[in-house]
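Report on the structure
Below are the chains, spelled out letter by letter.
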Amino acid sequence: PDTSSSLEIPRHDAPSSILDILDFRFFGKAFFVLGSQDRPDFGSSIPPASRHTRASRLIRRSTARDGPMSSGSEDTEGESWVQWFCSLKGNEFFCEVERSYIEDGFNLYGLRTFFPGNFQECLDLILDRVDPDESEDDEEKTQAAMRLYGLIHARYIITSHGLTTMLAKYRGGEFGKCPRALCWAQPVVPIGSYVDPNHEHVKVFCPRCGEVYTPVLPSGVEPVDGAFFGPTFPHLFFMTFEHDSPSVSPQKYVPRVFGFRVNSSSPSVSHLSHLKASSSSAGGADAVPGEGNGAADR
């Protein structure tokens, strides 16, 4: 894709929808004020506390037990929890969610149900509000905080700021390339098949062929949950950045035997529905290995 052009995203100071005009965030907070008796504590009302970064201590503890976690885990002093998490090996698909987005309680509505016992503790860990001297189980809490961050991440990447952040990663090829040979190394984006966690691992979507593939991960790296990206993101992404969507249709592979196209009614290829459409055309857009031998279609 041409990285020199992109479709501008409406900024917050330029209303482009009724939600912008009515100030969605304001009404979201007003919703909770109306029911203040049963108002859940999402952390936005937590008084400011001294920021403590436990990432380096947690990394050292995990590194001593499991070995190096990432190439950049050696120097973690002064690094926030979010930066540490995104730098871990296997988390290359994640972007850094803005702190202000995480602190806004309305953006976290409904997530408490996934963490009935330690939601607030996980949120404090993500926001670096945890006292490093407390004696709770760091490993268990860190794993829960990772899951919470993933669910927050799925919501953030379909906002204007989140889409822009993911655009930079897409243009840099950080999500990988389409494994299909006839897509010619088309960059892909992550996709999840479900909104709720614990259903399926993350996949990658190719905007050229429109297919979904399982990403190739380095040895020893566990795949992340697809719910941390969700099914909406890739399609909203290319609707927003139309200039970054492929403009050339994908080539279709047509099987041939001794240079002759295999008839679409053959049992060996009858399940390939696209051959029926291509068999009636000249096949100029089809990818045919060794084309130019002058053989006629059968």
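Further up the page is the structure itself.
Let us now look at the overall build of the protein. Secondary structure summary: the protein contains 10 helices and 5 strands in total. For the protein, the proportion of its 298 residues judged to be buried stands at 40%. Sequence-distant contacts, at least 24 apart, represent 67% of the contacts inside the protein between residues at least 6 apart.

Turning next to the sheet that holds strand E1 (residues 189-191). Overall, antiparallel pairing links the 3 strands, which are arranged E1-E2-E3 in an open sheet. Each edge of the sheet is formed by a strand with only one pairing partner; in this case those strands are E1 and strand E3 (212-213). The pairing of E1 with strand E2 (residues 203-205) spans 3 bridges and is classified as antiparallel. Bridge pairing in E2 places Val-189 opposite Phe-205. Sheet contacts for helix H9 (residues 233-240): E1 and E2; angle to E1, the most-contacted strand, approximately 140°.

Quick look at unusual backbone geometry now. In this model, Ala-185 sits at a positive phi of 60°, which is unusual for a non-glycine residue. In this fold, Ala-185 is placed in the loop between helix H8 (160-171) and E1. Exposure remark for Ala-185: the relative accessible area of 44% places this residue in the partly exposed category. In this structure, Asn-198 is a non-glycine residue whose phi angle is positive, near 65°. Mapped onto the elements of the fold, Asn-198 is located in the loop between E1 and E2.

Here the focus is the packing of H8 against H9. H9 packs onto H8 with a crossing angle of 90° between their chain directions and a minimal axis gap of 11 Å. As far as their axial angle goes, H9 and H8 are roughly perpendicular. Along its contact with H8, which presents Leu-163, Met-166, Leu-167 and Tyr-170, the element H9 presents Phe-233, Leu-236, Phe-237, Phe-238 and Thr-240. Broken down by class, the residue content of the contact of H8 with H9 amounts to 8 nonpolar, 1 polar and no charged.

Let us now look at a nonpolar patch on the surface. Judged by side-chain polarity, Val-257, Phe-258 and Phe-260 come together as a nonpolar surface patch covering roughly 340 Å² of accessible area. Residue placement: Phe-258 occurs in the loop between strand E4 (256-257) and strand E5 (260-261).

Criteria and cut-off values
- Residues numbered from 1 in each chain as written.
- Predicted model: local features only at pLDDT ≥ 70, side-chain atom pairs only at ≥ 80, totals over all residues.
- Heavy atoms only, no water.
- Helix = DSSP H or I, 4+ residues; strand = E, 2+ residues; numbered from the N terminus.
- Buried < 20%, exposed > 50% of the residue type's maximum accessible area, 1.4 Å probe, protein only.
- Contact = heavy atoms within 4.5 Å.
- Pairing = 2+ DSSP bridges.
- Axes fitted to C-alpha atoms, helices over the stretch in contact; angles between N-to-C directions.
- Parallel < 35°, antiparallel > 145°, perpendicular 65-115°, else oblique.
- Nonpolar A, V, L, I, M, F, W, Y, C, P; charged D, E, K, R; others polar.
- Patch = residues over 30% accessible without salt bridge, like charges linked within 9 Å, V, L, I, M, F, W, Y side chains within 5 Å.
- Areas by Shrake-Rupley, 256 points an atom, 1.4 Å probe, with all protein chains shown as cover.
- Salt bridge = Lys/Arg side-chain N within 4 Å of Asp/Glu carboxyl O.

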